[in-house]
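One letter stands for each residue in the lines below.
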Amino acid sequence: MLRFEQVWFRRAEFSLSIDGSILGPGITAVIGPSGAGKSTLISLIAGFEVPTAGQIYWGESPITMMPPDQRPVSVIFQDHNLFPHLNAVTNVALGLSPCANPNDTSREAARSALSIVGLEKLGASLPGELSGGQQSRVALARALVTKKPLILLDEAFSALGPALRTEMLNLLKSVLAERTVLLVTHNPEDALQVSQQTLFLEGGRVWSAIGTDELFARPHKHLKAYLDKGD
Amino acid sequence: MASGPQSLGWIGRTGIAFAVSVPTIILLSVAAIISVAEAGSGLTSGDWAALRFTIWQATLSAVISVLLAVPLARALARRNFVGRGVVITLLGAPFLLPVIVAVFGLLAVFGRNGVLNAVLETFAFEPISIFGLHGVVLAHVFFNLPLATRFILQGWQEIPAERFRLAASLGMDTQAINRHLEWPMLKKVLPCAFVVIFAVCTTTFAVALILGGGPRATTVELAIYQSLRFEFDLRRAAFLALMQIGIMVLLAFIAHRILAPALLSHRMDRPVIRWDGRGFAIRMIDYGVIVGAIGFLLMPITMVMIQGLPKILSLPAVVWESLFRSLIVAVSSTIIVLGILIPMSYAAARRPRQSVWIESAGLMSFAVSSLVLGTGLFVVINPIMRPDMLALPITALVNALATLPFALRSVLPAFCQAEADYGRLADSIGLTPWARLKFIFLQRSKREIGFIAGLAAALSMGDLGVITLFALPDTPTLPLQIYRLMGAYRMQEAAGASVLLLLCSFGLFWLLDQGARRVEI
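A brief look at the structure comes next. The residue count restarts for each chain, going from 1 along the sequence in the order it is written. Naming scheme: in the order in which they are written, chains are lettered from A and ligands are numbered from 1. Two thresholds apply to this predicted model, a pLDDT of at least 70 for residue-level local features and 80 or more for giving and counting side-chain atom pairs, whereas whole-chain, interface and lining totals are computed over all residues.

## Focus: the interface of chain A and chain B
- On the side of chain B, 20 residues touch chain A, which itself brings 22 residues to the contact.
- Residues are sorted three ways: Asp, Glu, Lys and Arg are charged, Ala, Val, Leu, Ile, Met, Phe, Trp, Tyr, Cys and Pro are nonpolar, and all the rest, Gly among them, are polar. For the side of chain A that touches chain B, the class distribution of residues is 14 nonpolar, six polar and two charged. Once C-beta atoms are placed from the backbone, any two residues with those atoms within 7 Å are in contact.

In structure tokens form, the structure reads like this:
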């Protein structure tokens, strides 16, 4: 369980406050208009930003001041997920041994993670030789090998076409079923498709996560405005 | 930008250590100079003459270079011809050219026994001499005309192509275009070019050493050298060094912001499509200017080649020994500059808010010319041990520090971009500092690092500054050896050795610049 205790973040004109918890395992969608603070939320959880006040807990242990790599967190970004000059196996293996020459054990683990995401034959390919969907799969494989319990996806699939995105979301659901997943997306349909619960952000304010079906069945006025207007 | 708990790692901490120690070395040598140069020790009239000459020759050199560069840059901007790219690349070459080689070439063309005087004599004209003011200015124009041209050409390229289209659709003639499009650009670019070249011309010790001298053509730096080497007057040398620092501090901060981009920009290979200047006469003038400039720049080098190539295999052993010393200096200098540059850039990229501070630390050597830094180190070392014992290490170090500002301006943006793209990914998977350096930074800045390595090697290979302050008679580097051969009128050997130096400088540059791009990391 990820828990926020009166977390407040302020940078220049922007501020974000969040209190409450996100239950796992399972997928929680994070939706809201641009500039609402979705990426800031991810940065706070991943450790790229430090809150101005408050504490973030994973279970019972505070993670607020931990460096990113020591948190129980694995992140998949929108772009620059893979080092372009390293092949798929090495990119994935870096998740286990983040050093200049990943060892054979981690390469072996990388190969099996790649086969879980359906890329067993493409381990030697460079990212540039892979399609957008395949690149996302490599990034997902790296999240798998890390064995971290919390996975953050920051608009990870937003560059993919609709069919491919659906395919990736289904893959996500099947391979990450046992972990807690936060899926930031600007497509509310993504939330409906895969998430048990949804978190709605607007103007630095976070509405507590509730069941996705419930949320969309009776949207409050802010969500309604967002859904009607689009982004 | 991430501002979270990012660790610097051992590489970043090393970089911070350099960001502190590099300015410390520079300040220490300035402090040493100040402590020796007691107030009221007084300057002779000769010292004031040196100051006046320094400013006068730099002004003349900068004005002539910039004025000649305008028509050349304009011709290159509006003409598209086969080999245009080669000509523009050639304009970057004098920066790497060892001063002694260029001066040897200029003497072969314009000197007492040169081509020009031979022509003049056949027509019964008085021979001209290029020692003194003429020679210093000529050499400075030779080195800085290309620099000024690249500068101004860049200004021309930055005028949006749409404006020329607009001008064409309005039916503007050459004069109108000149007034409305080109003159506003020149008004901005020319003063910058002037300041940069002026600054360069106050610190070209080697030019003054070979072509200047005497009461009427001694620069401040040459006066420093003379009082240190011949009069053993540390006080006077220190006072003159302070004078030189004064000149540089005035110019340095204006100069550094403009200099590096002009040298390093690779975006000049695109001619602007223009609808004016299509007349026959204007075309002929443009091509005439281009051919004339190429001739002026290539003639001296060609003369060196013609005179030197046949002699290269029969050079005496002392020349080969000095070549060996120069290669050691060049390689050490390159290793030093990369060893400082990479950790400093790493630290700056990881700490974006402190990067300005880190970069300024590296830029400090702009304010203190190599010769002045050398003087300072001489003053520091002199009481402890014989300075000549450290001639080669000091030459390598001072040249590395002189290259550091260019290096930082070129490599730092690449490091920062790499950090912006991959920094968070690396943080989240916890890449070790070494892996981060290898996968993120080096991978993304191979080109820049190769260029800087080449530059450092070529510049220190051709150095004829600091080495003259320190070296013993029997252990010269190659440029110093050539200088001595010229002094002894052994011109054929000097020509052969010049070709050797030329080939090694450009060879090292090419090897490192091109080699780095092909390295698989």
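## Section: the packing of helix α3 (residues 104-116) of chain A against helix α4 (residues 132-146) of chain A
Residue and element names in this part refer to chain A.
- Lines are fitted to the C-alpha atoms to define the axes, a helix being fitted only along its stretch in contact, and any angle between axes, read from their N-to-C directions, falls within 0 to 180 degrees. Under the scheme used here, helices are H or I runs from DSSP no shorter than 4 residues and strands are E runs no shorter than 2 residues, and both carry numbers assigned from the N terminus. The geometry of α3 relative to α4 is characterised by a closest axis approach of 9 Å and an angle of 125° between their N-to-C directions. When the axis of α3 is compared with that of α4, the two are oblique. The hand of the α3/α4 crossing is right-handed. Residue-level inspection shows Ala109, Ala110, Ala113, Leu114 and Ile116 of α3 in contact with α4, the latter providing Ala141, Leu144 and Val145. For classification purposes, an angle smaller than 35 degrees is called roughly parallel, one larger than 145 roughly antiparallel, one from 65 to 115 roughly perpendicular, and anything else oblique. We call a crossing left-handed when the near helix sits turned anticlockwise from the far one by less than a right angle, and right-handed when that turn is clockwise.

## Observations concerning helix α2 (residues 45-78) of chain B
- Expected span of a helix, by definition, is 1.5 Å for each gap between consecutive residues, and there is one gap fewer than residues. Under the 1.5 Å per step criterion, the end-to-end length of α2(B) is 50 Å for 34 residues, consistent within 8% with the ideal 50 Å.
- Ala69(B) marks where α2(B) bends most, by close to 30°; the proline Pro71(B) follows one to four residues later. What the bend at a residue measures is the angle between two axes, fitted to the seven residues ending there and to the seven starting there.

## Description of the nonpolar core
Residue and element names in this part refer to chain B.
- Among the nonpolar cores identified, the biggest contains 238 residues, and Val103 and Ile452 are the most heavily contacted of them.
- An automatic or database domain assignment provides the domain bounds reported here. Both domains that furnish three or more residues to this core are identified here as domain 1 (1-36 + 315-521) and domain 2 (45-307).
- Leave out the neighbours within four places in its chain, and Ile452 touches Val337, Leu341, Thr403, Phe406, Ala407, Ser410 and Val411. Each nonpolar core comprises buried Ala, Val, Leu, Ile, Met, Phe, Trp, Tyr and Cys residues, the members being joined through C-beta atoms within 7 Å. With C-beta atoms placed from the backbone, a residue counts as buried when 20 or more other C-beta atoms lie within 10 Å of its own, as exposed when 12 or fewer do, and as partly exposed for counts between those limits.

## A look at unusual backbone geometry
All names here are of chain A.
- Even without a glycine there, the phi angle at Ala12 is positive, about 50°.
- Its place among the elements puts Ala12 in the loop between β1 (2-11) and β2 (14-22).
- One non-glycine residue, Glu155, adopts positive backbone phi at about 50°.
- When you line up the elements, Glu155 lands in the loop between β7 (150-154) and α5 (162-175).
- Given 19 C-beta atoms within a 10 Å radius, Glu155 is considered partly exposed.

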